[in-house]
Amino acid sequence: MTKHSPDVLIIGAGIAGLSIAYELAQTGVEVTVVDRRELYAGSSALNAGGMRCQFSHETNILCAIGSLERVTRFHDDFGLDVNFRQAGYVFVCSTAEQETTLRQAVELQNRMGVDTRIVQTDEISRIVPGLHTDDVCCASWGPGDGYVDPRALLQGFAAIGRRTGATILEHHPVTSITASGSRVTSVVAGDIEFTPAVVVNACGAWAPRIAQLYGSNLPITPRRSSLWVVGPKPDVSFDGLPQIIDIESRSFFHGDIDGTGALVFGIGAADLVEDTPDTPCNWDRFEDARRRMEHRFPLAAGAEIDRGWAGLIEATEDDNPIVGWTHFTNLYTAAGFSGHGMCVAPGLALSAAAEIRGSTPEISLDVFRLDRFDGGQFERESIYGATGNVNAENR
Ligand SMILES: Cc1cc2nc3c(=O)[nH]c(=O)nc-3n(C[C@H](O)[C@H](O)[C@H](O)COP(=O)(O)OP(=O)(O)OC[C@H]3O[C@@H](n4cnc5c(N)ncnc54)[C@H](O)[C@@H]3O)c2cc1C
């Protein structure tokens, strides 16, 4: 068995692992990333690509601002196109309670410099012509938000990581982790035994499996979420449509990033499943998901189904990630992004990398520590997450 001792070994080549790898590598840290499969096997290649600053939680907003800056500047900074469409994000609400939560979140976002606002039904109809608004109170509108091609973004982070010196090894599953006292001493991935100074668990929905390898656990639950693509219709293109989140029905939809005029949609209520390596699309939910989407957007009625797929959302109890040193003095966890890892992870990576290097992070990540769950001292992300959203339970 080959032996290797990088400064940092990152397990998991999703958006979290790759963005942290880049931030570490560009400060001269010798970093290796291992993934059990090919680059596009995790949730980061299978998601809806939505990127927004519309959160209720200050730390999520700060991270999301950083992520959007990174993505909008990706081409200028690195000469790579990650196919980001700044089409905006609309959260549609139907109850007074939802409206209060949205208004409070927008006030916080505005105080933090984010350009979002509450819009009434006449303006919603201008932003999204054809949207059904009879049962709508108002919406929040974030014109700077949008959606990205998730594969292109992953590819982009892999490319800039490699360019700055990171090694990325696909098809290297981690199968054993050995510890001695307070430290991890060895990690076996494929045919390599690593003895790194620091290990990072960035395994998303599979992060608890990594923790189980050293006899512990992480409170992250895998939930399957399915997406479908319909259309375009002969007379209607959905190209450039903002990301619309209907809070009451949990339906979400936006124009397909590939510019074909098709529509991508799903429902935020994800099923509890085993964390199997391959996650089949849940076609049993298709008709219900379609009905909810067409209620809000009748223009899509009758659009022909093109394809569907699914991925795993990695839910924590408060819909916030677990970030920081866990279980051992040299093991750092960055997982459990609860359905918004594309929005949060790239902006969080700079601060996570600083902590891994032993420096002071730009954004304090203290609210994301694992021990918040011990005493139930946590603040839930209440706009839209894996387990629930604005005052609406998962249904
Ligand atoms: C259908 C769907 C829609 C979504 N829509 C959005 C959205 O619009 N916006 C948004 O922000 N987020 C969205 N998400 C959530 C987002 O995809 C995740 O939060 C994010 O991808 C998590 O990234 P990650 O790097 O933590 O995990 P992952 O991308 O899952 O990466 C973890 C990696 O760990 C690897 N791994 C697992 N076990 C091992 C092992 N033993 N050894 C080595 N490697 C291992 C896996 O192969 C995987 O590549 C969506 C998710 C789904 C499923």
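Up top is the structure.
I will try to describe carefully the structure that is included in this document. (Residues numbered from 1 in each chain as written. Predicted model: local features only at pLDDT ≥ 70, side-chain atom pairs only at ≥ 80, totals over all residues.)

Counting its secondary structure elements, the protein chain contains nine helices and 24 strands. Taken over the C-alpha trace, the protein chain has a radius of gyration of 20 Å; the compact-globule value for 395 residues is 21 Å, and the two agree within 12%. Taken over the C-alpha atoms alone, the protein chain extends approximately 60 × 40 × 40 Å along its principal axes. Here the protein chain, with 395 residues, has 54% of them falling under the buried criterion. Put simply, of all contacts in the protein chain between residues at least 6 apart along the chain, 74% involve residues at least 24 apart. (Helix = DSSP H or I, 4+ residues; strand = E, 2+ residues; numbered from the N terminus. Rg over C-alpha atoms; globule rule 2.2 N^0.38 Å. Buried ≥ 20, exposed ≤ 12 C-beta atoms within 10 Å, placed from the backbone. Contact = placed C-beta atoms within 7 Å.)

Attention shifts here to the packing of helix 2 (residues 58-72) against helix 9 (residues 341-357). Relative placement of two packed helices is described by the angle separating their axes and the distance separating the axes. Interaxial distance between helix 2 and helix 9 falls to 6 Å at its minimum, and their mutual angle equals 90 degrees. By the angle between their directions, the pair helix 2 and helix 9 is classed as roughly perpendicular. Mapping the contact onto sequence places Asn60, Cys63, Ala64, Ile65, Gly66, Ser67, Arg70 and Val71 in helix 2 and Cys343, Val344, Pro346, Gly347, Leu348 and Leu350 in helix 9. A class-by-class count of the residues in the contact of helix 2 with helix 9 yields nine nonpolar, four polar and one charged. (Axes fitted to C-alpha atoms, helices over the stretch in contact; angles between N-to-C directions. Parallel < 35°, antiparallel > 145°, perpendicular 65-115°, else oblique. Nonpolar A, V, L, I, M, F, W, Y, C, P; charged D, E, K, R; others polar.)

Okay, the pairing of strand 15 (residues 221-230) next. Taken across its ten residues, strand 15 has nine buried, putting it largely inside the fold. Two elements, strand 15 and strand 18 (residues 263-267), share four bridges in a ladder whose sense is antiparallel. By the bridge assignment for strand 18, Val230 is matched with Leu263. (Pairing = 2+ DSSP bridges.)

In the vicinity of the ligand there are 41 residues, among which Gly14, Gly42, Gly204, Gly311 and Gly341 approach most closely. Ranked by residue count, the leading element in the shell around the ligand is helix 9, at four residues. Taken together, the residues of the shell around the ligand sort by class into 22 nonpolar, 16 polar and three charged. Among the domains, domain 1 (2-46 + 151-219 + 318-393) and domain 3 (221-315) are the pair contributing at least three residues each to the shell around the ligand. (Near = placed C-beta within 6 Å. Domains from an automatic or database assignment.)

A word on the sheet that holds strand 9 (residues 146-148). The strand order across the open sheet built from three strands is 4-9-5, with neighbouring strands paired in antiparallel fashion. The sheet terminates laterally at strand 4 (50-51) and strand 5 (84-85), the two strands that pair on one side only.

Right, let's get into helix 4 (residues 96-111). Given a rise of 1.5 Å per residue, 16 residues ought to cover 22 Å, and the 23 Å separating the end C-alpha atoms of helix 4 matches this to within 8%. All buried positions along helix 4 are accounted for by Gln98, Glu99, Thr101, Leu102, Ala105, Val106 and Gln109. Axial view of helix 4: buried residues confined to an arc of 165 degrees, hence all on one face. The exposed residues of helix 4 that point more than 90 degrees off its buried face are Ala96, Gln104, Glu107 and Arg111. Just past helix 4, the residue Gly113 takes up positive phi, approximately 90 degrees. (Expected span 1.5 Å × (residues − 1). Arc of directions from axis to C-beta.)

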